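Spelled out, the chains give:
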Amino acid sequence: MRGLATQSAEVAVRGSSITWVRGEEIGRGAMGLVFRALDQKTGEVIAVKEVALDTGQGGSGEALRGALENELKIGQALRHPRIVSFLGYDFIGQSLYIYAEYMPGGSIAQVLQQFGPLGEYLMPKCTREAAEGLEYLHRQTPPILHRDIKGANLLVGLDCQVKLADFGCSKLSDEDSTMANTMKGTIPWMAPEVIMRKGYGRKADIWSLGCVVVEMATAKPPWGRMDNPIAAMRKIGMSSELPPVPDSLSPAARSFVSRCLDRDKENRPSAADLLGHEFLQPACDGADL
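Residues numbered from 1 in each chain as written. Predicted model: local features only at pLDDT ≥ 70, side-chain atom pairs only at ≥ 80, totals over all residues. Heavy atoms only, no water.

- Looking at an unreviewed UniProt entry, the protein chain carries the name Protein kinase domain-containing protein, with the source organism given as Prorocentrum cordatum.
- Under the Sequence similarities (unreviewed entry) heading, UniProt states for the protein chain: "Belongs to the protein kinase superfamily." (UniProt positions renumbered as here; feature names shortened; annotations may be inferred.)

1. A few points about the confidence of the model for the protein chain
Phase 1: The predicted model of the protein chain has a mean per-residue pLDDT of 87, with 87% of residues at 70 or higher.
Phase 2: Within the protein chain, no element has a lower average pLDDT than strand S1 (residues 4-7), which sits at 41, and none a higher one than helix H8 (residues 271-274), at 98.
Phase 3: Note that pLDDT drops below 50 for residues 1-9; the model gives that stretch 18 contacts with residues more than four away or on any other chain.
Phase 4: Per-residue pLDDT stays below 50 along residues 284-289; that stretch engages in ten contacts with residues further than four places along the chain or on separate chains. (pLDDT = per-residue confidence, 0-100. Helix = DSSP H or I, 4+ residues; strand = E, 2+ residues; numbered from the N terminus. Contact = heavy atoms within 4.5 Å.)

2. Overview of the UniProt feature "binding site: ATP" (unreviewed entry) in the protein chain
Phase 1: UniProt annotation of "binding site: ATP" (unreviewed entry) refers to Lys-49 when read in the numbering used here.
Phase 2: Along the polypeptide, Lys-49 turns up in strand S5 (residues 45-52).
Phase 3: Other than its neighbours up to four places away in sequence, Lys-49 contacts Met-31, Leu-33, Val-34, Glu-71, Leu-96, Tyr-97, Ile-98 and Asp-166.
Phase 4: Among the polar contacts listed, one links the side chain of Lys-49 to the side chain of Glu-71, at a separation of 3.0 Å. (Polar contact = N/O pair within 3.5 Å; in protein donor to acceptor, adjacent residues only side chain to side chain.)

3. Points about the environment of Arg-254
Phase 1: In this fold, Arg-254 is placed in helix H7 (residues 251-260).
Phase 2: Overall, the relative accessible area of 34% leaves Arg-254 in the partly exposed class.
Phase 3: Along the sequence, Arg-254 and Val-213 sit 41 residues apart, while their C-alpha atoms lie 9.6 Å from each other.
Phase 4: Arg-254 has contacts with Val-245, Pro-246, Asp-247 and Leu-249, leaving out every residue within four places of it along the chain. (Buried < 20%, exposed > 50% of the residue type's maximum accessible area, 1.4 Å probe, protein only.)

4. Observations concerning the packing of aromatic side chains
Phase 1: Per the counting criterion, the structure on display carries six aromatic pairs.
Phase 2: Ring centres of Trp-20 and Phe-35 lie 5.7 Å apart, and the angle between their planes is 40°; on these two criteria the pair is classed as tilted. Taken together, the residues Trp-20 in strand S3 (residues 19-28) and Phe-35 in strand S4 (residues 33-39) connect sequence positions 15 residues apart.
Phase 3: Looking at Trp-20, the relative accessible area reads 1%, which means it is buried.
Phase 4: Note on Tyr-89 and Phe-91: the rings are 5.8 Å apart at their centroids and 85° apart in plane angle, and the pair reads as edge-to-face.
Phase 5: Under the relative-accessibility criterion, Tyr-89 is labelled partly exposed at 30%.
Phase 6: Feature note: the residues Trp-20, Phe-35, Tyr-97 and Tyr-99 constitute an aromatic cluster, connected by ring pairs.
Phase 7: Here the guanidinium or amino end of Arg-22 rests over the ring plane of Phe-35, the centre of that ring lying 3.9 Å away. (Phe/Tyr/Trp six-rings, centres within 6.5 Å; stacked < 30°, edge-to-face > 60°. Lys NZ or Arg CZ within 6 Å of the ring centre and 35° of its normal.)

5. Looking at the pattern of salt bridges
When their charged atoms lie close together, side chains carrying opposite charge are able to pair.
Phase 1: Within the structure shown, the criterion is met by 15 salt bridges.
Phase 2: One salt bridge connects Asp-148 with Lys-150, and the closest N-O pair in it is separated by 3.9 Å.
Phase 3: Look at the salt bridges and you will find they share partners, linking Arg-82, Lys-125, Arg-128, Glu-129 and Glu-132 into a network. (Salt bridge = Lys/Arg side-chain N within 4 Å of Asp/Glu carboxyl O.)

6. Things to note about helix H2 (residues 108-115)
Phase 1: Among the residues of H2, those classed as buried are Ile-108, Val-111 and Leu-112. Looking down the long axis of H2, one finds its buried residues gathered within 100° of arc, a one-sided arrangement. For H2, the exposed residues set more than 90 degrees away from the buried face come down to Gln-113 and Gln-114.
Phase 2: Of the surrounding secondary structure, the elements contacted by the buried residues of H2 are helix H3 (122-138), strand S9 (154-156), strand S10 (162-164) and helix H5 (203-218).
Phase 3: Phi turns positive, to about 85°, at Gly-116, one or two residues after H2. (Arc of directions from axis to C-beta.)

7. Thoughts on the nonpolar core
Phase 1: Counting residues in hydrophobic clusters, the biggest one holds 55 residues, and the most contacted among them are Leu-137, Leu-164 and Met-216.
Phase 2: Per-element tally for this core: the top contributor is H5, with ten residues.
Phase 3: Look past the residues within four positions of Leu-137 in its chain and what remains in contact with it is Leu-78, Ile-83, Pro-143, Ile-144, His-146, Leu-164 and Phe-167.
Phase 4: Residues Ile-18, Trp-20, Ala-37 and Tyr-97 belong to the second largest nonpolar core, which totals eleven residues. (Core = buried A, V, L, I, M, F, W, Y, C linked by side-chain atoms within 4.5 Å.)

Here it is as structure tokens:
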């Protein structure tokens with residue numbers, strides 16, 4: 001691989017701005033794998049996403065490159081305490097390496113898998129921090145739609161701070177002139193209008209946030225087990241059903257979820273409005289995962 005060099009008896013990769021040594025794999029996504037790496041100049045542990053560019057799949061390769069260019073464009077512009085920091089990127093050999101802030105607590109999905117559902121001290125805290133990240137994205141000019149809000153894309157620091165990650169599905173959207181029509185995201189968290197490709201905007205992210213609250217309350221996908229993608233899309237997009245909400249949730253939590261999971265997108269609140277909801281007000285600072 002181009003860019004390999006030896007530093008202190010270890011094989012290091014020399015990027016344009018970061019020289020790093022590869023560590024353990026910490027995750028895999030649709031476009032590549034993610035691993036820890038050690039910055040050889042600062043000693044900081046960072047996260048690196050590796051994406052193979054030589055797919056040998058013709059048009060699929062062009063689509064992948066376009067998605068990556070979109071992720072890089074959006075990632076470079078974002079600066080907020082509730083957004084995982086973008087640290088740069090390098091093209092090395094036949095791969096793209098995207099550098100980002102390392103979140104040692106893993107994702108909310110991993111926390112749920114290991115520890116089970118969150119209680120109502122942690123749920124409001126995690127939800128509020130996710131909503132703060134969404135509010136930041138949605139008030140950009142033009143607005144940024146995340147389009148893949150789910151537990152796996154909410155990362156956690158050891159201090160229990162939650163940040164939004166993975167902007168591979170995100171889109172800059174001038175909602176005054178056009179609405180997105182491409183079906184993007186992960187089916188169980190998708191809003192009905194996304195499934196039906198009716199045209200959607202920021203309110204689709206609000207639906208997904210409501211699904212995340214159900215996910216945190218159950219440690220399961222918001223609709224439960226859905227093995228057939230076609231049947232799942234029909235149920236989400238065409239029925240009048242809603243993701244089941246546990247009876248154990250408080251009235252405030254149930255109210256919050258019902259505001260988000262309104263099939264009429266026009267009735268859903270904005271991220272800014274949600275930040276004033278009573279569910280997000282409990283004093284739970286200092287709680288630990």
